[in-house]
Amino acid sequence: MLVYTRVTEWRIDSGVRVRNHTAGDKYLLNHRNMFELHTAYTGGTWMYYFDNRNDSRCGGAYLRSVNTVAMLVTRADYAPDHEGAVVLPAYPHNDLTETPVNIYVPMDQISRAWPYDKTDSTGDYTWVVYCDDGWDMKTQLCHGSFDALVAYVNADD
Amino acid sequence: MYIQLTITRFADKRDSTRRVAPLDGTSRDIVLNTANMSDIIVDPADATKCQFKYFDNPRDRRESWAYVHANNTVAEIIAASDTEFHSTMITLPIHKHNHPDEATVDHTMPVEAITYVDRYNPDPANHCWICYYNAAFKRREVLCHYSMEDIPDIAEHGSTTSSTTETTATTEQR
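A few points on the structure. (Residues numbered from 1 in each chain as written. Chains lettered and ligands numbered in written order. Predicted model: local features only at pLDDT ≥ 70, side-chain atom pairs only at ≥ 80, totals over all residues. Heavy atoms only, no water.)

1. What to know about the overall build of chain B
Along chain B, the regular secondary structure elements total 3 helices and 10 strands. For chain B, the sequential pattern of α-helices and β-strands runs β-β-β-β-β-α-β-β-β-β-β-α-α. Compactness check: chain B gives a C-alpha radius of gyration of 16 Å against a globular reference of 16 Å for 174 residues, within 12% of the reference. Projected onto its principal axes, the C-alpha coordinates of chain B cover approximately 45 × 35 × 35 Å. Sorting the 174 residues of chain B into buried and exposed places 46% on the buried side. For chain B, the proportion of contacts with a sequence separation of at least 24, taken over those separated by at least 6, is 50%. Only carbon and sulfur atoms are counted for the fraction: they give 49% of the accessible area of chain B, which is about 8,300 Å². (Helix = DSSP H or I, 4+ residues; strand = E, 2+ residues; numbered from the N terminus. Rg over C-alpha atoms; globule rule 2.2 N^0.38 Å. Buried < 20%, exposed > 50% of the residue type's maximum accessible area, 1.4 Å probe, protein only. Contact = heavy atoms within 4.5 Å. Areas by Shrake-Rupley, 256 points an atom, 1.4 Å probe, with all protein chains shown as cover.)

2. A word on the packing of aromatic side chains
Two measures describe an aromatic ring pair: the distance that separates the ring centres and the angle between the ring planes. Scanning the entire structure with this criterion turns up 17 aromatic pairs over all chains. Pairing A:Tyr116 with A:Trp127 gives two aromatic rings, centres 6.2 Å apart and planes at 35°, and the pair type is tilted. Taken as a pair, A:Tyr116 in the loop between strand E8 (110-115) and strand E9 (125-132) and A:Trp127 in strand E9 lie far apart in primary sequence, 11 residues in all. Since its relative accessible area comes to 42%, A:Tyr116 is described here as partly exposed. Grouped by ring-pair contacts, the aromatic residues A:Trp10, A:Tyr27, A:Tyr49, A:Tyr91, A:Trp114, A:Tyr116, A:Tyr125 and A:Trp127 constitute a single cluster. Positioned above the aromatic ring of A:Trp10, the side-chain terminus of A:Arg17 is 4.7 Å from the ring centre. In this arrangement the basic side chain of B:Arg19 is found over the ring face of B:Phe10, its NZ or CZ atom lying 4.7 Å from the centre. (Phe/Tyr/Trp six-rings, centres within 6.5 Å; stacked < 30°, edge-to-face > 60°. Lys NZ or Arg CZ within 6 Å of the ring centre and 35° of its normal.)

3. Some remarks on the nonpolar core
Residues and elements named next belong to chain B. Ranked by size, the top nonpolar core spans 24 residues in total, and within it Ile-90, Leu-92, Ile-114, Ile-130 and Ile-151 carry the most contacts. Among the elements of the structure, strand E6 (89-95), strand E8 (114-119), strand E9 (128-134), strand E10 (138-144) and helix H2 (150-157) are those that each provide at least two residues to this core. Once you skip the residues sitting within four places of it in the chain, Ile-114 turns out to touch Tyr-2, Asn-33, Ile-90, Leu-92, Met-109, Ile-130, Cys-131 and Tyr-132. (Core = buried A, V, L, I, M, F, W, Y, C linked by side-chain atoms within 4.5 Å.)

4. A word on the environment of B:Asn57
Residue and element names in this part refer to chain B. Residue placement: Asn-57 occurs in the loop between strand E4 (50-54) and strand E5 (66-70). Along the sequence, Asn-57 and Ala-135 sit 78 residues apart, while their C-alpha atoms lie 8.7 Å from each other. Residues in contact with Asn-57, not counting those within four places in the same chain, are Glu-63, Tyr-133, Ala-135 and Ala-136.

5. Brief notes about the interface of chain B and chain A
Across the boundary between the two partners, chain B contributes 21 residues, which contact 19 residues of chain A. Both sides together, the interface formed by chain B and chain A hides about 1,700 Å², and carbon and sulfur atoms give 56% of it. Our enumeration of links across chain B and chain A arrives at 2 salt bridges. Residue A:Arg32 is joined to B:Glu112 by a salt bridge in which the shortest nitrogen-to-oxygen separation is 2.8 Å. Elements represented by at least two residues in the side of chain B that touches chain A include exactly strand E7 (104-110) and E9 of chain B. Ranked by the residues each element gives to the side of chain B that touches chain A, the list is headed by E7(B), at 6 residues. In terms of residue class, the side of chain B that touches chain A is made up of 10 nonpolar, 5 polar and 6 charged. (Buried area = accessible area lost by both parts, 1.4 Å probe. Salt bridge = Lys/Arg side-chain N within 4 Å of Asp/Glu carboxyl O. Nonpolar A, V, L, I, M, F, W, Y, C, P; charged D, E, K, R; others polar.)

6. Quick notes on helix H1 (residues 74-81) of chain B
Residue and element names in this part refer to chain B. Listed as buried for H1 are Val-74, Ile-77 and Ala-80. Burial along H1 is one-sided: seen end-on, the buried residues are contained in an arc of 125°. Looking at the buried positions of H1, the neighbouring elements they touch are strand E1 (2-11), strand E3 (37-42) and E4. (Arc of directions from axis to C-beta.)

7. Side note on unusual backbone geometry
Residue and element names in this part refer to chain A. One non-glycine residue with positive phi stands out, namely Ser-14, at about 60°. Looking at the secondary structure, you find Ser-14 in the loop between strand E1 (2-10) and strand E2 (25-30). In this structure Ser-14 comes out as exposed when scored by relative accessible area, which is 77%. Positive phi, close to 55°, is recorded for Asn-94, a residue that is not glycine. Tracing the backbone shows Asn-94 in the loop between strand E6 (86-90) and strand E7 (101-105).

Rendered as structure tokens:
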């Protein structure tokens, strides 16, 4: 379901999704959005990643991960916790000064998550992008560290 | 899960209802994904057969369904639907340029991406056509270095369990 990995290249949004092109930025990705996984010449994996697989207007973006295909498949096969609904303490209007409100998102609809501060995954905030089926994508700032979210959904292997 | 069905009619708009061609005679074996089926009913004329609607790309609201007649029972389809996949992803050796003489490259994709598997007429024991979708966005038809019968086997067990020498040799070459 949600796969923890480090991404070294992501050819979308002018490449700004990744800052550390050597070690990679930490991401939680949805395995259902991963297509055509291949072994990269650098030893990791390259694939086409679809932000919203249910929207026919959404094309795939080239994504490179430091992990092997076998590792990503193993991580996709884990038994997730809270698969039905992930509880996210969400800041209204993505405003850190407001009080977080719990929202419930089916794990299947989560497209990606990453630390608010990309250099510190133990920080207090996490960005989560989820889809309302094929209709809409929402980028939500949530309270809690990225590492805590990974542990909460039991994503790391 | 995938299931190999004996199709007698595949009334789709995309391929002008030619998936069961006159050269096939009265039927053609095709592997379909049970997740893409809807409205499965027992054939009113013969309880050992069934009819259903089939969506090549269920994620795309523009995709209309095909009407399929099969020489299989509804119970067989339900049994296949209830069978668990070995993994959430499947890895298949795909020939470059869809040419059987060219090298293969392993493609890994979610199991639900595959919509159907069709026989490769010139060499059905070693190759098959795989049709899959990259999300709702792009349809791909690629030549795979497995027989059509191997694909449900790999999806269920993670590898082929066929005892034929040819198929086993093919698997080992990977």
